[in-house]
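Architecture at a glance
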Amino acid sequence: MGSGILFSYPQLGVLAGVQGVVVYAIASACPLLIFAALAPIIRRKCPEGFVLTEWTRQRYGIVTALYLGALTLLTLFLYMVAELSAVGQVVEALTGLNGLPVVIVECVVTTVYTSLGGFKISFITDNVQGAMICCLIIIATITIGVKTDIKPELIAESGLLNSSLVGWQLLYILPVAILTNDFFLANYWLRAFASKTDKDLWIGVSVAMVVILVVFTLVGCTGLIAVWSGALQPDDDGSVAFFLLLEQLPNWVVGIVIVMSVCLSTAAFDSLQSAMVSSASNDIFRNRLNIWWIRGAVVLIIFPVVVLALKAPNILQIYLVSDLLSAATIPVLMLGLSDRFYWWRGFEVLVGGLGGILTVFIYGTIYYGDAQLGGELILLEQGLYTGDWGAFGAFVAAPVGGLLWGFGALALRLIVQFIESKVRGTRFDALDYPAAVPAEDSSAFVDTSDEAITTKIIGKFF
């Protein structure tokens, strides 16, 4: 959790009311359980792996692994932009000063200590981050409760206690968006695979889920309180609701919030940097390139990250673009986790993922009657809260379209392989079940219930 939560969650509270706050908090916390459920399965199928792309390489082949690796790096890049943009806006909102110097210092500091300490240092900062969040929530909750004067007449006028079209749409959009996007976050998988036992993983994830649920609910409620206290006017940007509320509090509280926000951002940013280094080294270069070259490349990437962060208009929009990419790719990817889909290959995953995004464009063009607006829907430039079904349809079109394109690609592949077998005079074996062989053969499939045995399917793209 970085400082970006101070923008996105209050903003959603302002736009979708109590319904939106509750849905967003639950949808953010509960998907963490998927790591406790799937990490042990993937670890048994791919014991030498430590990120999702390692299993993807084994299951679908090199091309699909590179595709997923590229999407993972893109997701991390977008999250880095969102984090730096958020911390810069925090400083500007609370002090009126230019946030660029703080952003630069944060980048330099995190680059230095992650280069020297590696991913282990990120685990340490995670603990610091947890303590900071608890302190921030306690201080903010007490001071807001004591100092803020809620006006009852504004509660009724705001309509934030009522359900809304956006609130009902979020019941579908947010779980799909956040659940699938979590798969792309290599820093989550690294922590899941670092657990000593499956029991430890379930305990850790369960505790994290409860903490996140409480924290995000409280942060989201600041948007409601800002409206009900009159701190946020109807024409104001909902993303600054938290900071407008802080303006009514003593200066010492504002100072503490600034320090803790920067610390939160630093802890989140170093995790993203470490995850990018690990993903690039393992997924793209297979650990054959010196790690310092990878770290140097990540340092170079930070420059465009900073530039984009300074121009990023909306933190929530950055997250949503990443969510839409994952919603198109993850469903077709995870079919291969089941041995029943042994015939599912990398070609279907690649076509399905790209086809899902194309389906969003097609849907947007038809819905709005304009190809340009259809293209803008991919970037969700109008956000979630336009009052129409554009964003909702996009998050339906991405996974459904991805699956349809994937099965279409399957049919095409089988037709091509069938024709090829007839031309060559060989047996058509594209749907043959993999043969059972000894477990130590890492390139084959073993059907067994023994957890000590690794279940593997040969990685094929086509």
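Read on for a plain summary of the structure. No experiment lies behind these values; they were computed from the predicted model shown.

Glancing now at the environment of Phe361. Take Phe361: it is sitting in helix α14 (residues 346–368). Put simply, Phe361 and Leu373 are 12 residues apart on the chain and 8.5 Å apart in space, counted from C-alpha to C-alpha.

For the rest of this paragraph, the subject is unusual backbone geometry. The phi dihedral of Arg286 is positive, around 55°, even though this residue is not glycine. Its place among the elements puts Arg286 in the loop between α11 (251–284) and α12 (291–311). Owing to a relative accessible area of 29%, Arg286 belongs among the partly exposed residues under this scheme. Not every positive phi belongs to a glycine, and Asn287 is a case in point at roughly 60°. Within the secondary structure, Asn287 sits in the loop between α11 and α12.

This brings us to the nonpolar core. Core analysis: the largest hydrophobic core is formed by 135 residues, its most contacted members being Trp55, Trp189, Leu333 and Phe395. Of the residues forming this core, the biggest block, 16 residues, is contributed by helix α4 (residues 62–95). Filtering out sequence-adjacent residues up to four positions away, Phe395 remains in contact with Tyr172, Ile173, Val176, Ala177, Leu320, Asp323, Leu324, Ala327, Leu380 and Leu384.

So, about α14. Count 3.6 residues to each turn of an α-helix, and residues three or four apart come out pointing the same way. The terminal C-alpha atoms of α14 lie 33 Å apart, and with 23 residues this matches the ideal 33 Å at 1.5 Å per residue to within 8%. Among the residues trailing α14, Gly369 stands out with phi positive, at a value near 70°.

On to the side chain of Thr72, then. Checked against the element boundaries, Thr72 lands in helix α4. In this structure Thr72 comes out as buried when scored by relative accessible area, which is 5%. Leaving out residues up to four positions away in the same chain, Thr72 has contacts with Thr53, Phe184, Ala186 and Ser279.

Moving on to the pattern of salt bridges. Scanning the model with the defined rule gives 6 salt bridges in all. The salt bridge involving Lys45 is made with Asp339; its shortest N-O contact spans 3.1 Å. Of this pair, Lys45 sits in helix α2 (residues 33–45) while Asp339 sits in the loop between α13 (315–334) and α14, and the two are 294 residues apart along the sequence. The exposure class assigned to Asp339 is partly exposed, which follows from its relative accessible area of 21%. With a closest N to O distance of 3.1 Å, Arg424 and Glu420 form a salt bridge. Of this pair, Arg424 and Glu420 both sit in helix α16 (residues 390–424), separated by 4 residues, roughly a single helical turn.

What counts as what
Residues numbered from 1 in each chain as written. Predicted model: local features only at pLDDT ≥ 70, side-chain atom pairs only at ≥ 80, totals over all residues. Heavy atoms only, no water. Helix = DSSP H or I, 4+ residues; strand = E, 2+ residues; numbered from the N terminus. Buried < 20%, exposed > 50% of the residue type's maximum accessible area, 1.4 Å probe, protein only. Core = buried A, V, L, I, M, F, W, Y, C linked by side-chain atoms within 4.5 Å. Contact = heavy atoms within 4.5 Å. Expected span 1.5 Å × (residues − 1). Salt bridge = Lys/Arg side-chain N within 4 Å of Asp/Glu carboxyl O.

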